[in-house]
Amino acid sequence: MSKATDSQKLLLGVLVLVLMLFSAYWFGYKNFAEKTEAVRTENDELTRKISDLERKIKNREIYEKENISNNEKTAKELEVFGPGVTPEKSILFFIDMGRENNAEISSINFGDTVPFYQAVWLMGEAGLPFSAYSNTFHISYSTTYEGLKGCIDYIARYPERMTLQSMTAAYHADDGLLTGTLSVVWYSLTGTEKVYTSPEFDDIRYGNKNIFRSGD
């Protein structure tokens, strides 16, 4: 086998040098450059987070005041919703409404309890989500014009949230009374600290010595 010429040796040396440079770039510089870019990206993200935290710290007092204000507003809104509506509670309400305004409530039609909203993202003091419900009541009444206005005002002033959905009224010239119907929607909210308490009925007699005869 013939010995390599000087030109061949030079060419071989150049080839080895190129391979060394390529290996240094591929396994060294390129890897280093990729890590550098990753670190730069991470630094940029940390810089943004630090700037955001600095801004929040600077405005901390403003945020705390806003949180207090929002909590007070939320508590005020939640305060007008009762913990539940039952037949006995609604009966007592309409009886008291009639007594206060000299109105005769001849019938009450009880509607079902219907859920209409649940705040799964907002928890109450009991650790349960707030769930809102509505009950619709249709009542028949007989009263004067002033008595009807008093009934409407009684509904509006009641501490628990309710709305007058619809109303009918017919005037009777012979006695000057109005007769008609009122449809009242009563709202309630569960998940709060409020606990439902059954109402107490006074002046109601129970039992009869003779169940086949009315009266005392």
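Definitions and limits used
Residues numbered from 1 in each chain as written. Predicted model: local features only at pLDDT ≥ 70, side-chain atom pairs only at ≥ 80, totals over all residues. Heavy atoms only, no water. Patch = residues over 30% accessible without salt bridge, like charges linked within 9 Å, V, L, I, M, F, W, Y side chains within 5 Å. Areas by Shrake-Rupley, 256 points an atom, 1.4 Å probe, with all protein chains shown as cover. Salt bridge = Lys/Arg side-chain N within 4 Å of Asp/Glu carboxyl O. Helix = DSSP H or I, 4+ residues; strand = E, 2+ residues; numbered from the N terminus. Buried < 20%, exposed > 50% of the residue type's maximum accessible area, 1.4 Å probe, protein only. Contact = heavy atoms within 4.5 Å. Expected span 1.5 Å × (residues − 1). Arc of directions from axis to C-beta.

> How should a nonpolar patch on the surface be read in this particular structure?
Residues I152, L164 and M167 make up a contiguous nonpolar surface patch of roughly 220 Å² in combined accessible area. In this fold, M167 is placed in strand β4 (residues 162–167). Among the residues examined, M167 registers a relative accessible area of 41% and is labelled partly exposed.

> Before we go on, may I ask you to explain unusual backbone geometry in this structure?
Backbone geometry follows two general trends: most residues other than glycine have a negative phi, and most peptide bonds adopt the trans configuration. We note that N102 has phi near 50 degrees; this positive angle belongs to a residue other than glycine. Along the chain, the position of N102 falls in the loop between α3 (87–100) and β1 (104–110). Here N102 falls in the exposed class, since its relative accessible area comes to 69%.

> Please explain the pattern of salt bridges as it appears in this structure.
When the charged atoms of two side chains lie near each other, side chains of opposite charge can form a pair. Within the structure shown, the criterion is met by six salt bridges. A salt bridge links E61 to K65; its shortest N-O distance comes to 3.5 Å. Of this pair, E61 and K65 both sit in helix α2 (residues 60–79), four residues apart, roughly one helical turn. Of the residues examined, K65 reaches a relative accessible area of 53% and is grouped as exposed.

> Got a minute to help me understand the environment of G82 in this structure?
Relative to the helices and strands, G82 resides in the loop between α2 and α3. Taking relative accessible area as the criterion, G82 reaches 2% and is therefore assigned buried. Separated by 50 residues in sequence, G82 and A132 have C-alpha atoms that sit 9.9 Å apart. Excluding anything up to four places from it in sequence, G82 contacts E160, Y187, S188 and L189.

> I tried to follow helix α4 (residues 145–157) on my own but got confused; where do I start?
Along an α-helix, a turn takes 3.6 residues, which lines up residues three or four apart on a common side. Under the 1.5 Å per step criterion, the end-to-end length of α4 is 18 Å for 13 residues, consistent within 8% with the ideal 18 Å. Residues of α4 that are buried: G147, L148, G150, C151, Y154 and I155. For α4, the angular spread of the buried residues around the axis is 160 degrees, confining them to a single face. With respect to the buried face of α4, the exposed residues turned more than 90 degrees away are Y145, E146 and A156. Buried residues along α4 sit in contact with α3, β3 (129–143), β4 and β6 (177–190).

Functional significance is not addressed by these values, which are geometric in nature.
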